[in-house]
Structure formats: C-alpha cells, structure tokens
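# Structure at a glance
Residue-level listing of the chains:
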Amino acid sequence: MALSTTSKRRLERRGQFISGLAVLLVVVLVCTLIFMVCSRGIATFTRDGVPLGSFLTGRTWNPHQSNELGQPTVGALPMVLGSFGVTLLSCAFSLPFALGASIFVVEVAPTFGRKFFRPLVELLTGIPSVVFGVIGLTMVVPWTRSWAGGTGYGILSSSIVLALMIFPTMMSLTADALSAVPDSYRDGSYGLGCTRWQTVCHVVLPTALPGILTATIMGMARAFGEALAVQMVIGNAAQMPSSLLTPASTLTSIITTSMGNEAMGTVYNDVLWSLALILLIMSMAFILLVHLVGRKGSSND
Amino acid sequence: MTDPTGVRSPKAARTKDRAATAVLAAIVFAIVVMLVVVVGHVVASGAGKLVDLSFLSGKPEQFKAGGGIGPEIFNSFYLLLLTLLISLPISLLAAVFLTQYLPEGPVARVAKTAIETLSSLPSIVVGLFGMLAFVLSAGWGFSILSGALALTMFNLPILVRVIQQALEAVPRTQRDAALALGLTRWEATTMILIPVAMPAIVTGVIISAGRVFGEAAALIYTAGQSAPTLDFLNFDLSSTSCPWNVMRPAETLAVHIWKINSEGVVPDLSAVSAGTAAVLMVCILAFNVIARLVGRALERRMTAA
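Residues numbered from 1 in each chain as written. Chains lettered and ligands numbered in written order. Predicted model: local features only at pLDDT ≥ 70, side-chain atom pairs only at ≥ 80, totals over all residues.

## Comments concerning the overall build of chain B
- What chain B contains, in helices and strands, is 11 helices and 0 strands.
- The order of helices and strands in chain B, counted from the N terminus, is α-α-α-α-α-α-α-α-α-α-α.
- Taking 2.2 N^0.38 as the reference for a compact globule, 305 residues should give roughly 19 Å; the C-alpha atoms of chain B span a radius of gyration of 24 Å, well beyond that estimate.
- Once the C-alpha set of chain B is aligned to its principal axes, its extents read approximately 75 × 65 × 40 Å.
- A fraction of 74% describes how many contacts in chain B between residues 6 or more apart in sequence connect residues 24 or more apart. (Helix = DSSP H or I, 4+ residues; strand = E, 2+ residues; numbered from the N terminus. Rg over C-alpha atoms; globule rule 2.2 N^0.38 Å. Contact = placed C-beta atoms within 7 Å.)

Rendered as structure tokens:
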C-alpha cells in the first residue's frame, strides 16, 4: 500500500478529476434536458404562431383543425385544469390520513410506528405507478361507478388513485417533520399540564408546519407529474372538465396517449412538447416553493 | 382572559385527548386495512398466473388468449442491469465529489440544484427527453440502449442522494483519522469511507433498483412497446431475437401492463394484466426484502470484524 508521495499525489488528482467529471456530466445532462424541452416546447409559439394567451386559456383542444384566424385550435386549459384538479383533490384526500397517521406513529405509538407501520408504508413507496393504474382500473373505477354513477372514469377516480400513490411520500415526510420537533418543546408543554392532544395542536404541529408544507408540496409535485396511473383511469377526453365524474384529461395523460401518433415537426407534435414544457416549469416551481418554505421555516427559529 | 387552548377544565381536556387518540388510531387502522386490501387484491387476482410456468416463460400474444410474459421478464432485468452498470459508477463518483471535495460553495450549489431538478422531473418528461436525445437525435431508435440511458437519468438523482447520505453518515472522526495518518482524500474515501458506508449504499442501491424495475413512463418512448421473440441460443448481437442485443426494442413488465390496458385487444386482457401486475409486485417486494437482509448481513460482518 505504501505509495510514493508523487504517485499518491497523482492518484489524488486523478480521483478528484474523475469524480468532478461525473458531477459535471450530471449538470450538463440536466442543462441539455431543460434546453431541449424548452426549444421544442416554444416551437408552438415561434414557428406555428400560436399566441401564448390563447394556448393557456383556450378551451378547445383540436390540434388537427384551425380556427377562424387560421391558427390551430390548441387550447390547453382543459388539460391544465385537469392536472391542477387531480393534484389538489388527491392532496386533499391524502393529507388528513398522512397527518393523522404521522401524529399517531410519532406521538402516540413510536415503537409500533418504527417497527411496523413505517416499514409497511415504505413498501408502498416502491409500488410502480402502473400497478396503481391497475388498482384504479380494477377497484377504484368500478367502485366510483357504482357509488357515484357515470362511467367511473374521471377526475374523482384519478384523484383517489393518486391519493393512494402519494400517501407514502406525504406520510414519511410529515412524520420526519414531527420527529424533528425537539423533545424539550414537548416536555415544556407537558410540564405546564397540557394533555398530549393539546401539546400536538399547540406545540408540535405549529413547530413542524414548514415540514408539513414541504411534505404536501412534494406530494403535489408527484401527483402533478404522474402520467400512466392517471392516464389509465381518467378517461382521456380533452374537454373542459364539467364534473368530477366525467372523463377528463391531464397534461401528462394527453402527452402519453398522443405523442406516439404524431410525427415530429407537425403542429400537433409541437403542442405536445409545449404541454411537456408546462410540466417542466411546474416541477421547477414546486422545487422553488419547497425552498421558499424551507427558508421561511428556518428564519422563524 | 380566555384560555388559549380553548378548553375550560382539565377534565374536558382529558376527554378531548382520549377522543383524539381514538380518532388517530382509527385513521391508522383504516390505512393498514386499505394497504392490505390493495396489495392483497393485486397479488391475489394474479396469483393463478404467478405459478403458471407457461405464462411466466411464454411469449405475449397480440390477438389470441394465452399469451405469456417471458420476454418482458427478461427485458426488465436486463434493462435494470444495464441501467445500474451505467448509473452506479457515475453516481458513486458524483457523490464522492460532492461530499469529499466540494461540500459547499457556488459550484456545489449549482450541482445540487441540478440534481434536485432532475429528481423532481416527472418521469414522462425524462422519457420524452430520452426519445428526443437518444431515439431520434442519436439515431438509436427504440432500443434497450435508449431505455437504459433514460432510466439512468431517472435513477441518477436517487442514487447520488442515497450514496451521499451513506457517506455523510460515516463519523467524521474516521475520515479525520485517515487524513491525519497521511492518506490523501481519495485514499481515505476508497479505503475507509466507502467500505464503512457499504451496507447503507448497497441497501439504497437495491431499493432504487426496485423503482427502476417498475418504471414505465420513461420507457414507453425510449425502449419501445414491442417485445421481439427472444432466442437464447442466438448470439448474433445484431439480430433482434438475440436477447443481449442492446439495439433491439424491449418492452418491460411495467410497460406491458400499461400497453395491454390502454391498447390491448386480447380476450384474456384482465387476466394477463393482473398476472403481470402480480409478478411485478412480487419482484418489487423481493427487492425490498433483499435490500433489508443484505444490508443487515453486511452491517453484521462489518461491525463484527
């Protein structure tokens, strides 16, 4: 093992160089990805002459036809609404369960949580999204159909499937946030004669709020970007969502179903890339939000 | 003066506390039931196919009933192997650089932002980029190579974070002792830190392998949606029936599930879908169990030594 000093130094420099190269590679890959998706995504506006406003607020999606102005009818509002709809609704379904379960495993029964519940939930994290799609098709859609009527395909079913899917993420992060509250805070509260529930409501939850918000945003980001599980149960009708029970579509579901059918360079294909660009921008917005929440949380301390 | 807790007497507070505990326990109970029902449903509805050898080894059918998933099983494992071969060295080196050479500063911030961006990207966007960059621009077509590279993009941020955490969890004193004895940072990393962090790294890699194994959105437009019949005696690497040919299209288990459910016309569609989902679930559960066992075994060996 005894290397001479010069060869040691050479090895050190080589190691530093190669590992630095790996980091550089990752950075370059990410920049290339962002650049390529952006450059394809803006073709709708630069080459096909669709105004950004009419793309974002147009209510009709029919890229094969042109409107009276000679522009393709590519209103993305139905998909944008669909995406935000399933994201918010699935979060609303999942959050109470994630919060309740986290409080239980952190405050009430930590051993049960560590030994049994959290490993079980971690297992759920590994379930592939297509399997959630199958669960949606074989359990959620028939269930929605018989309880709420309609075809069963739509925003409600998709939100339930997504709620199942994002639950592990939200629950793990929320539980971490609660665990991070120092025990001295709890002791102080108990010392004043507060019950456990009072301690949770008035001490633990307010302290952990930034972490809980982060967990919620991470869950939302996952729901917003999920493609296949949603595509399998939402019905994929590119129309303005009129109710939670009628077939609708999201940005991801339309990209998934149409990308394979439209040749590169056509208007239809360009618009699909614009939808992908919205997804990209939104996923960055979610990160930004997480950072803002994190910074606010640390400045409060 | 109003009581800030909104509760008037200690007795009321105690009742409220008990009620809250009961509600929380009910929520947890409901979740456990839901979990068991959902996972049980997936495995149970495909259980018949799970032990059916002709299903596990047979080739898929386009129009008739009775198709199998033999090539899909092979493709899934082969793609996973290639993905790990590409992404593991890159992420190990990147994690070493980020933890040992450059833990702070503007460059580290850029790198961390890039990795965070990559990890938050929807996998369908990664798949679209893969289609653009590998399938079309590089001209590799729908192929295992394109698919493995797309999966690498998807896997890199996960692996870098896992390995980084494993390296950071090694006590600082170990590194300081190694440096004080005259080892260079590279030597300290390769001879001390990585061996010590090995159990955590291996566990993390296996768990990330489970995620790669079940990924479909990044693959439908990169590795393609067709599974050519494979001939395991064919070693002509340019033939599409050669299993090891990286330039052939390869549908994986996850993609197969998606495809038959959205475009399939076979009469036994729901049985094939349920069977494939069950196989996929069992593999993922196996990855999780193996990760835990291997991690624990390595840990024991390292600490006993």
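## A look at the overall build of chain A
- A count of helices and strands for chain A gives 12 helices and 2 strands.
- What you see in chain A, going N to C, is helices and strands ordered as α-α-α-β-β-α-α-α-α-α-α-α-α-α.
- Radius of gyration (C-alpha) of chain A: 24 Å, far over the 19 Å computed for a compact globule of 301 residues.
- Along the three orthogonal principal directions, the C-alpha set of chain A runs to about 70 × 70 × 35 Å.
- A burial count over chain A gives 50% of its 301 residues as buried.
- For chain A, the proportion of contacts with a sequence separation of at least 24, taken over those separated by at least 6, is 71%. (Buried ≥ 20, exposed ≤ 12 C-beta atoms within 10 Å, placed from the backbone.)

## Examining the interface of chain A and chain B
- Listed by partner, the interface residues are 65 residues for chain A and 65 residues for chain B.
- If you list the elements that add at least two residues to the side of chain A that touches chain B, you get α1 (5-41), α4 (77-108), α5 (110-125), α6 (129-148), α9 (196-225), α10 (228-233), α11 (251-258) and α12 (267-300) of chain A.
- Tallied by class, the residues present in the side of chain A that touches chain B amount to 44 nonpolar, 17 polar and 4 charged. (Nonpolar A, V, L, I, M, F, W, Y, C, P; charged D, E, K, R; others polar.)

## Concerning helix α10 (residues 253-263) of chain B
- Of all the 11 residues making up α10(B), 9 are buried; the element is thus mostly covered by neighbouring parts of the structure.
- Along α10(B), the residues that are buried comprise B:Leu253, B:Ala254, B:Val255, B:His256, B:Ile257, B:Trp258, B:Lys259, B:Ile260 and B:Asn261.

## With respect to the packing of α1(A) against helix α4 (residues 70-101) of chain B
- Relative to each other, α1(A) and α4(B) sit at 110°, their axes nearing to 8 Å. What the angle tells us is that α1(A) and α4(B) run roughly perpendicular. On α4(B), the residues that touch A:Gln16, A:Ile18, A:Ser19, A:Gly20, A:Ala22, A:Val23, A:Leu25 and A:Val26 of α1(A) are B:Ile90, B:Leu93, B:Ala94, B:Val96, B:Phe97, B:Leu98 and B:Tyr101.
- For the contact of α1(A) with α4(B), the class distribution of residues is 12 nonpolar, 3 polar and no charged. (Axes fitted to C-alpha atoms, helices over the stretch in contact; angles between N-to-C directions. Parallel < 35°, antiparallel > 145°, perpendicular 65-115°, else oblique.)

## Structural notes on the confidence of the model for chain B
All names here are of chain B.
- Scored by pLDDT, chain B comes out at a mean of 86, with 96% of its residues at no less than 70.
- Within chain B, helix α2 (residues 47-50) has the poorest average pLDDT of any element, 81, and helix α7 (residues 144-168) the best, 93.
- On the interface metric, ipTM, the complex scores 0.89, and its pTM is 0.90. (pLDDT = per-residue confidence, 0-100.)

## Let's talk about the environment of B:Lys16
- Mapped onto the elements of the fold, B:Lys16 is located in helix α1 (residues 10-45).
- Distance in space between the C-alpha atoms of B:Lys16 and B:Ile207 is 41 Å, their sequence separation being 191 residues.

## A look at the domain arrangement of chain B
- As assigned here, chain B comprises domain 1 (10-45) and domain 2 (48-304).
- Distance between the C-alpha centres of domain 1 of chain B and domain 2 of chain B: 35 Å. (Domains from an automatic or database assignment.)

## Considerations on the packing of α7(B) against helix α9 (residues 185-214) of chain B
All names here are of chain B.
- Packing of α7 against α9 brings their axes to within 9 Å, and their N-to-C directions diverge by 150°. Judged by the angle between their axes, α7 and α9 are roughly antiparallel. Note on packing geometry: the crossing formed by α7 with α9 is right-handed. Of the residues in α9, those in contact with Leu151, Asn155, Ile158, Leu159, Val162, Ile163, Ala166 and Leu167 of α7 are Leu193, Ala197, Ala200, Ile201, Gly204, Val205, Ser208, Arg211 and Val212. (Left-handed = near helix turned anticlockwise from the far one by under 90°.)

## Overview of unusual backbone geometry
- Positive phi values are uncommon outside glycine, yet A:Asn236 reaches one of about 55°.
- Relative to the elements of secondary structure, A:Asn236 occurs in the loop between α10 and α11.

## Quick notes on α11(A)
- The element α11(A) is extensively covered by neighbouring structure, given that 6 of its 8 residues are classed as buried.
- By the burial criterion, the buried members of α11(A) are A:Leu251, A:Thr252, A:Ser253, A:Ile254, A:Ile255 and A:Thr256.

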